[in-house]
Amino acid sequence: MADVARRSFAHPDPPLPARPEADDAAPPLAVALKSPRPGLPLSAIVHVGLAVVALFLLKDGRKFEDAQEAIPVEVIADGAFKQITRGERTGKQAKPRVDRVSDETETKPHPPLAEAKKDVPTPPPPLKRLKDPGEDDAAQEKKPQRVAALPPARPKAEQKPEPKPRPAPPVRPKTSFPNPEREEVEAEIVRPKPPPKPKPEAKETPTPPKPEKPKPRLKPTEVAKLLRDSKTAEAAEGDVADKPQKAVKPKSGAESQRHKFDAASISDMLSHEAPQRRASRGREASSEAAAGAPTGAAPKLSTLLQGRIDAYTIEHYGRCWRAALSLNAMRYVPRVEFRLTRSGALEGAPRLLNPSNEAVERARGEQALAAVRRCSPMPIPPEFEPYFDYWHVTELDMREDM
Amino acid sequence: MTLFTRRSALPLLASAALAPTLARGRVLDLRAGGGFRPIEIAVTPFSGDETATLVTQVIQANFGRSVFLHPVEGLPNTPLDPDHAPDFDVYRVQGAQFVLTGRAQRSADGRLKTEFRLYDAAGGEQVAGQQFVTETGNARRVAHLVSDAVFTRLTGEKGFFDTRIVFVDETGPKDRRRKRLAIMDQDGANVRYLTRGEDLVVTPRFSPSSQDVTYMSFGADGEPKVLLMNIESSQREVVGNFPGMTFSPRFSPDGQKVVMSLSQGAETNLYTMDLRSRSTTRLTDTAAIDTSPCYSPDGSQIVFESDRGGSQQIYVMGAHGGDARRISFGGGRYSTPVWSPKGDYIAFTKQDKGNFAIGVMKTNGSDERILTEGFHNEGPTFAPNGLFLMFFREGAGASGAKIHMVDVFGRSEFPVPTPSWASDPAWGPLQD
């Protein structure tokens, strides 16, 4: 042991008291290695050393800033941009972005999004059915051609002695249901718009919430509304929930100037997905800036208001939720998750979070989903609109009335 | 509730990993309110030949009496092509949640081919579809099978439409009543008489297999005999002569035994008899009147009526006898208890201050609920799915009784049509 100690101090380090257990690899630490088990103190020394080093090395790190609204980049085609900035000959004077008082100014800068019009499906009545998510792919492929008749129920074996007609195994449900009328309508509309998400838009075009409808202005407003709704459909947190209608207008011209254009990558984006672009985030950000709130935080949601929103939701959907059909179903509590658009329409299909394989419980789960569908859309009172983030996603525990 | 094992932790970890990416919403408690409302179903006219019209009508009538489903009214009268999905908007506007389409057609070999498709009107997807082949004369039966399939798919419960009722048909003046054993479909169709009416017959009971019926017959000498009849062949055999028997025996769930009450003097006690060996075993031995026994669906217990406590009440005991515990405690006299095929409820007749009521209670006697009251209601019998009861009612001043049907929640009641007066219904099992 002593040999070891002497050897380790052979090189020119500051002289330290000899320690029999000194570690060759860490002579400077020998001072701490008094105990026969060097592990703990060694570890402590190293940790403290690292902490000190880090303290001094990192002290000029920037402190975190308040969360900022992401500046959205709306990418549009050159030609479209020119049209936007060109403005309209007969239009009224475009008001500055900050001024959000009058509503009719909202519509002005948008006329040229004419191609969006094509993408907006005028409400085709048969299109309204809600698709379940899994069905969308099938719906996709069937669109162009007229699928023949629903494949006839597989003629299963009959067999059986006379008095007992034997039920055949259930016909496998087909994924697509060719309704001739519906197909034609979809065919012409769908081509520019492959994504299966059009449900919310389709529903909302006929009912834009804002009343202003200067004749040619109609489309832009609807487009704006589509943009807004589709954006909120995809946006998660962080989105400002300011008055969306007012936000439409101010975003307009000034905002577009801030956009980057990458001509190479925009073309397909615009042509196919304009109605669903996330880009409209910019509107919110700019509207917030216009309002002078530097950090763009949403208006405060008080507990009282939360309670009111919850009560309103419960009362609304409770109307469609019925007592159990049988005694077994009472123990099972279906939990349904669903999302709403800003106008209170269903976004996508409601989802059962706790499905059951048992027959009665499965039926009960279906009734729960049907109840949510039946009571949709839910009208949104104006005072709830800013708190879209709070009521965007809801889970309902559908219980018995005990 | 679940053991915290590595396996059970995996979904927890997985969901934790996913959590930041899923925007979860707030969770609200929703209580079912506004009372009960049935599921609205649009029964579209089946396409095909004239049997399609009959099948459609039978299905619509079935659903109209099902309480849990309600057929949407005011639908267009033209049959739909069942190979194509219907235009759901038409039916959604009428409030339908499900749409039923189908076809019934005789095929070239003279058999009847029937198929149906059931759609969810909100999503438009098919949720059920089946096909049946049978003899042409069986159109009503196929309609019942379709009704059962749809009922089961929508409620998760077993159906009850493809069942038959055995009952006592009564004709003639009250003092010279002619009573015949009869069988019919649960909707009153296809009535067939099983006896000729020379002997008085009472209290028929179905066997679990639905092929046999026991009943009591009083011959000219007035002595009751217990008979066992095969429905298809109408062949009968005498199970035994049982002087003093007032109620017909009931089958055990396995069909091997019957349980009955026999009177000796002032006492009436319960006995079981093995149908093969004909050996009898005495179950109760009290100085009271123990009668009207009924097995539980698992065969482990027997519910019966007894006045051992001083008044007619309902008791439950093990199937091999032994201690019996009272489960009826409301005011009044309880009788004719029957055990639900689902095992959860016991139905009974209750007499209180001159009123007769049919009710149900849980098997421990709690949650008693009266389903119907009137001048004279008696003799409940459960549907095989445990959701409905039939009983017979004689209105005040009427010359006879009629059969009625009610659901176990007491929401709705329907008369069951019979050719004449009818009593003592016994609801048979689902035919396969």
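Residue indices follow the written sequence of each chain, beginning from 1 at its first position. Going through the entries in the order they are written, you letter the chains from A and number the ligands from 1. Whole-chain, interface and lining totals are the exception, using all residues; otherwise, since this is a predicted model, local features are given only for residues with pLDDT of at least 70 and side-chain atom pairs are given and counted only at 80 or more.

### Regarding the overall build of chain A
Along its length, chain A carries 14 helices and three strands. When burial is assessed residue by residue, chain A has 32% of its 402 residues classed as buried. Whether two residues are in contact is decided by their C-beta atoms, placed from the backbone, lying within 7 Å. Intrachain contacts of chain A at a sequence separation of at least 6 include 77% that bridge at least 24 residues. Secondary structure elements follow DSSP: runs of H or I no shorter than four residues count as helices, runs of E no shorter than two count as strands, and numbering proceeds from the N terminus. Burial is judged by counting other C-beta atoms within 10 Å of a residue's own C-beta: 20 or more means buried, 12 or fewer means exposed, and anything between counts as partly exposed, with every C-beta placed from the backbone.

### Re the sheet that holds strand S12 (residues 212-218) of chain B
All names here are of chain B. Strands are treated as partners if at least two bridges between them are detected by DSSP. As summarised here, the arrangement of the four strands in space is S11-S12-S13-S14, forming an open sheet in which the pairing is antiparallel. Whereas interior strands pair on both sides, the edge strands pair on one side only; in this sheet they are strand S11 (200-206) and strand S14 (236-241). Adjacent strand axes in the sheet meet at a mean angle of 25° when their direction is disregarded. Between N-to-C directions, angles cover 0 to 180 degrees, with each direction set by a line fitted to C-alpha atoms, over the stretch in contact for helices.

### Notes on the pairing of strand S21 (residues 313-318) of chain B
Residues and elements named next belong to chain B. Burial analysis of S21 places five of its six residues in the buried class, the great majority of the element. In this structure, S21 lies alongside strand S22 (residues 324-326), joined through three bridges in antiparallel fashion. Bridging from a neighbouring strand, Val 316 pairs with Arg 325 of S22. Linking two consecutive strands that pair antiparallel, namely S21 and S22, is a turn of five residues; a positive phi of about 100° is found at Gly 321 within it.

### Some details on helix H2 (residues 50-64) of chain B
Residues and elements named next belong to chain B. Working rule for helices: expected span equals 1.5 Å times residues minus one. For H2, spanning 15 residues, the distance from its first C-alpha to its last is 22 Å, which sits close to the expected 21 Å at 1.5 Å a residue. For H2, the complete set of buried residues consists of Thr 51, Ala 52, Val 55, Thr 56, Val 58, Ile 59, Asn 62 and Phe 63. The arc enclosing the buried residues of H2, seen along the axis, measures out at 165°, which places them on a common side. Looking at the buried residues of H2, the elements they touch are strand S2 (39-43), strand S3 (47-48), strand S4 (69-71), strand S5 (98-106), strand S6 (111-120) and helix H4 (139-155). Here, the arc refers to the directions that run from the helix axis to the C-beta atoms.

### A short note on the sheet that holds strand S1 (residues 26-31) of chain B
Strands pair in a sheet through their backbones, by hydrogen bonds, and they do so in one of two ways: parallel or antiparallel. Pairing within the open sheet is mixed, and its four strands lie in the order S2(A)-S1(A)-S3(A)-S1(B). Each edge of the open sheet carries a strand with a single partner, namely strand S2 (346-352) of chain A together with S1 of chain B. Across the sheet, the axes of successive neighbouring strands diverge by a mean angle of 25°, strand direction being ignored. Of the strand pairs in this sheet, strand S1 (residues 335-340) of chain A and strand S3 (residues 393-399) of chain A are connected by five bridges, and their pairing is antiparallel. Following the sheet pairing, Arg 335 of chain A is matched in S3 of chain A by Asp 397 of chain A. Running at roughly 45° to S1 of chain B, helix H12 (residues 303-318) of chain A makes contact with S3 of chain A together with S1 of chain B of the sheet. Against the sheet, helix H13 (residues 359-374) of chain A engages S1, S2 and S3 of chain A, with an angle of about 160° to S2 of chain A.

### A few points about the confidence of the model for chain A
Low-confidence regions, as indicated by low pLDDT, have predicted coordinates that should not be scrutinised in detail. Residues and elements named next belong to chain A. When pLDDT is averaged across chain A, the result is 58; 30% of the residues are at 70 or more. Every residue in residues 1-13 is under pLDDT 50, and counting partners more than four places away or in other chains gives 14 contacts. Per-residue confidence from the prediction method is given by pLDDT, with values spanning 0 to 100. Low pLDDT, under 50, characterises residues 233-260; the predicted model gives this stretch 71 contacts beyond four residues in sequence or across chains.

### Quick look at the packing of H2 of chain B against H4 of chain B
Residues and elements named next belong to chain B. In the contact formed by H2 and H4, the axes pass within 9 Å of each other and the chain directions differ by 45°. Comparing their axes, H4 and H2 come out oblique. Classified by chirality, the crossing of H4 by H2 is right-handed. Along its contact with H2, which presents Thr 51, Leu 54, Val 55, Val 58, Ile 59, Asn 62 and Phe 63, the element H4 presents Ala 139, Arg 140, Val 142, Ala 143, His 144, Val 146 and Ser 147. What sets the label is the angle itself: under 35 degrees gives roughly parallel, over 145 gives roughly antiparallel, 65 to 115 gives roughly perpendicular, and the rest give oblique. Here a crossing is called left-handed whenever its near helix is offset anticlockwise from the far helix by less than a right angle, and right-handed whenever the offset is clockwise.

### So, the environment of Gln 313 of chain B
Residue and element names in this part refer to chain B. As for its position among the elements, Gln 313 is in strand S21. Here Gln 313 falls in the buried class, since 22 other C-beta atoms lie within 10 Å of it. Distance from Gln 313 to Phe 329, taken between C-alpha atoms, is 7.8 Å for residues 16 residues apart in sequence. Leaving out residues up to four positions away in the same chain, Gln 313 has contacts with Ser 306, Arg 326, Ser 328 and Tyr 334.

### Describing the pairing of strand S17 (residues 267-274) of chain B
For a regular strand, side-chain orientation follows a simple rule: the groups alternate between the two sheet faces. All names here are of chain B. Summarising the sheet, strand S16 (residues 257-264) and S17 pair through eight bridges and their orientation is antiparallel. By the bridge assignment, Met 260 is partnered in S17 with Tyr 271. A loop of two residues connects S16 with S17, the two strands running antiparallel in sequence, and Gly 265 in this loop sits at a positive phi of about 65°. Note that S17 and strand S18 (residues 280-282) share three bridges and pair antiparallel. Pairing of Tyr 271 across the sheet is with Arg 282, part of S18. The loop that links S17 with its antiparallel partner S18 comprises five residues; one of these, Arg 278, has a positive phi angle of about 60°.

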